[in-house]
Amino acid sequence: MPLIDLKLHANVSELMLYMKCPRQVYYTNRDHELAAEITPEYLEHMILKEMAIGYSDAIERASIDRVSILDELNIEMERVKGELELIYSTELRNLPHRVLETAEEVVSEHIGMIASNLSETISKYGKEETIRRIRPYRTEPVLHSDKLKLTGIPSAIIQYEEKILPLSIRTGKYPDSGVWRNDRIHIAAIAMLLEENYGDSVEHGFVQYARHGSIREVKIRPEDRRQVLKIRSRVDSIKNGILPERKEVTACSYCNFMHLCTTARSSLASRLF
Ligand code: SF4
């Protein structure tokens, strides 16, 4: 299906945006752009994501001790430094080099902790299993299902015990245990798309918290799938013109829609959301 047609359906990033703020879904579907300012935090996100794609290669080259993993991660960091401006050529055009260097320095400070946590995971599960959990089979594949009325482009999918599973690469903080609710919904949405695209059941997936080098398994529950469908139909309603209720959320403090976001909810929205 051509990409232009895929836009008719909700996509998984809109589901994630809905969980952050339903009104942002409304405005972004009405020719307003969410400002994607290249902040130092955004650059860190880019660097960590590219680093994480290479963690499995670093582990494969390393012996199981922390120092060896640390050395290999530093090599990955050098690879990312060389490739980042080639991969994100549009976003990083005209960015002062010093800003990029500062973000690289911040990420470098995390490498010691990433090596420790990956080394712990290898001690617990073994090198082969750790690699299997995070080695991308494909990066950023376009997944679509007419039946689900959903499209998604996950950061990566993996091949694990004859199955294709979702791998979510997250660059923010990690919870003490398990995964954040948003990450659970994201994994479930991608799992459902994989089932439709590959014709096989998907019962679990993995979230890789790149900043910490932590890999968490997620078992997908029926309730997660229910939530995906519920949020998708709310996103559909918003795209069809329902302005959702305005809620004060963390994102309000830096949202560029603030000047638009003044009206109260519609009476229909109050019944739907
Ligand atoms: S100002 Fe707050 S409620 Fe309004 S769109 Fe932005 S984040 Fe959402």
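Each remark here, short or long, concerns the structure printed above.
Residues numbered from 1 in each chain as written. Predicted model: local features only at pLDDT ≥ 70, side-chain atom pairs only at ≥ 80, totals over all residues. Heavy atoms only, no water.

Tell me what's going on with the site of the ligand, and back it up with residues and numbers.
Close to the ligand lie Cys 21, Arg 23, Gln 24, Tyr 27, Arg 246, Lys 247, Val 249, Ala 251, Cys 252, Cys 255, Met 258 and Cys 261. Taking a 2 Å distance to the grid points as the criterion, the majority of the atoms of the ligand fall inside the largest cavity. When its residues are assigned to classes, the shell around the ligand shows eight nonpolar, one polar and three charged. (Near = heavy atom within 4 Å. 1 Å grid on protein atoms, 1.4 Å probe; cavity = no way out; pocket = protein on both sides within 12 Å on 5 of 7 lines; lining within 4 Å. Sits in = over half its atoms within 2 Å of the grid points. Nonpolar A, V, L, I, M, F, W, Y, C, P; charged D, E, K, R; others polar.)

Hey, could you go over the sheet that holds strand β4 (residues 150-152) for me, with residue numbers and the actual values?
Strand order in the open sheet made by the three strands is β1-β4-β3, with mixed pairing throughout. For this open sheet the edge positions go to β1 (10-11) and β3 (143-145), each flanked by a neighbour on one side alone. Pairing analysis gives two bridges linking β1 to β4, with the strands arranged parallel. By the bridge assignment for β4, Ala 10 is matched with Leu 150. Running at roughly 75° to β3, helix α9 (residues 181-198) makes contact with β3 and β4 of the sheet. (Pairing = 2+ DSSP bridges. Helix = DSSP H or I, 4+ residues; strand = E, 2+ residues; numbered from the N terminus. Contact = heavy atoms within 4.5 Å. Axes fitted to C-alpha atoms, helices over the stretch in contact; angles between N-to-C directions.)

Account for the pattern of salt bridges, with residues named and values stated.
Side chains bearing opposite charge may pair, as long as their charged atoms lie close to each other. If you walk through the whole model with that rule in mind, you get 25 salt bridges. Between Arg 98 and Glu 105 there is a salt bridge, with the nearest N and O atoms lying 3.5 Å from each other. In this structure, the salt-bridge partner of Arg 221 is Asp 224, at a minimum N-O distance of 3.7 Å. What emerges from the salt-bridge pattern is a single network uniting Arg 61, Glu 72, Glu 76, Arg 79 and Glu 83. (Salt bridge = Lys/Arg side-chain N within 4 Å of Asp/Glu carboxyl O.)

How would you summarise the sheet that holds strand β8 (residues 214-219) if you had to cite specific residues and measurements?
The strand order across the open sheet built from five strands is β2-β5-β6-β7-β8, with neighbouring strands paired in mixed fashion. Two strands lie at the open edges of the sheet, namely β2 (136-139) and β8, each paired on one side alone. Looking at each pair of strands side by side, their axes are set apart by 30° on average, direction ignored. In the sheet, strand β6 (residues 163-170) pairs with strand β7 (residues 204-209) via four bridges, with the strands oriented parallel.

Before we move on, could you go through the layout of surface pockets and cite the residues and values that matter?
In this model, the second largest pocket occupies a volume close to 230 Å³. Around the second largest pocket sit Asn 117, Glu 120, Thr 121, Lys 124, Tyr 125, Arg 133, Tyr 174, Gly 213, Ser 214, Ile 215, Arg 216 and Glu 217, which together line it. At the level of elements, α7 (97-125) and β8 are the ones that each hand at least two residues to the lining of the second largest pocket. A per-element tally of the lining of the second largest pocket places α7 first, with five residues. Classifying every residue of the lining of the second largest pocket by side-chain character gives three nonpolar, four polar and five charged. For the lining of the second largest pocket, the domains that each give at least three residues are domain 1 (3-33 + 137-232) and domain 2 (40-132). (Points joined across faces, edges and corners; volume = space filled by probe spheres on them. Domains from an automatic or database assignment.)

Let's hear about the environment of Ala 103: which residues, and what values?
Along the chain, Ala 103 turns up in helix α7. In this structure Ala 103 comes out as buried when scored by relative accessible area, which is 2%. In this structure the C-alpha to C-alpha distance between Ala 103 and Ile 47, which are 56 residues apart in sequence, comes to 8.1 Å. Sequence-distant contacts of Ala 103, defined by excluding residues within four places in its chain, comprise Pro 40, Leu 43, Glu 44 and Ile 47. (Buried < 20%, exposed > 50% of the residue type's maximum accessible area, 1.4 Å probe, protein only.)

A description of empty space enclosed by the protein should follow, citing residues and the corresponding values.
Tallying each qualifying case throughout the model produces one cavity of 30 Å³ or more. For the largest cavity, the calculated volume is near 90 Å³. Lining the largest cavity are 13 residues; nearest its centre among them are Cys 21, Gln 24, Cys 252, Cys 255 and Cys 261. Taken together, the residues that form the lining of the largest cavity break down as nine nonpolar, one polar and three charged.

Break down the packing of aromatic side chains for me, with residues and values.
Following the criterion strictly, the structure yields four aromatic pairs and no others. Measuring from ring centre to ring centre gives 5.5 Å for Tyr 26 and Tyr 27, while their planes differ by 85°; the resulting arrangement is edge-to-face. Aromatic side chains Tyr 160 and Phe 206 sit 5.4 Å apart centroid to centroid with 55° between the ring planes, which places their arrangement in the tilted category. Pair noted here: Tyr 160 is in strand β5 (residues 156-160) and Phe 206 is in strand β7, with a separation of 46 residues, a long-range link. (Phe/Tyr/Trp six-rings, centres within 6.5 Å; stacked < 30°, edge-to-face > 60°.)

Give a description of the pairing of β5 that names residues and reports values.
Along β5, four of the five residues are buried, which leaves the element largely enclosed by surrounding structure. Where β2 meets β5, three bridges bridge the pair, whose relative direction is antiparallel. Its bridge partner being in β5, Arg 138 is matched across the sheet by Ile 157. As paired strands, β5 and β6 are joined by five bridges and run antiparallel to one another. Residue Ile 157 lies in a different strand from β6, and its bridge partner there is Pro 166. Between β5 and β6, which pair antiparallel and follow one another directly, the connecting turn spans two residues, one of which, Glu 161, has a positive phi of 45°.

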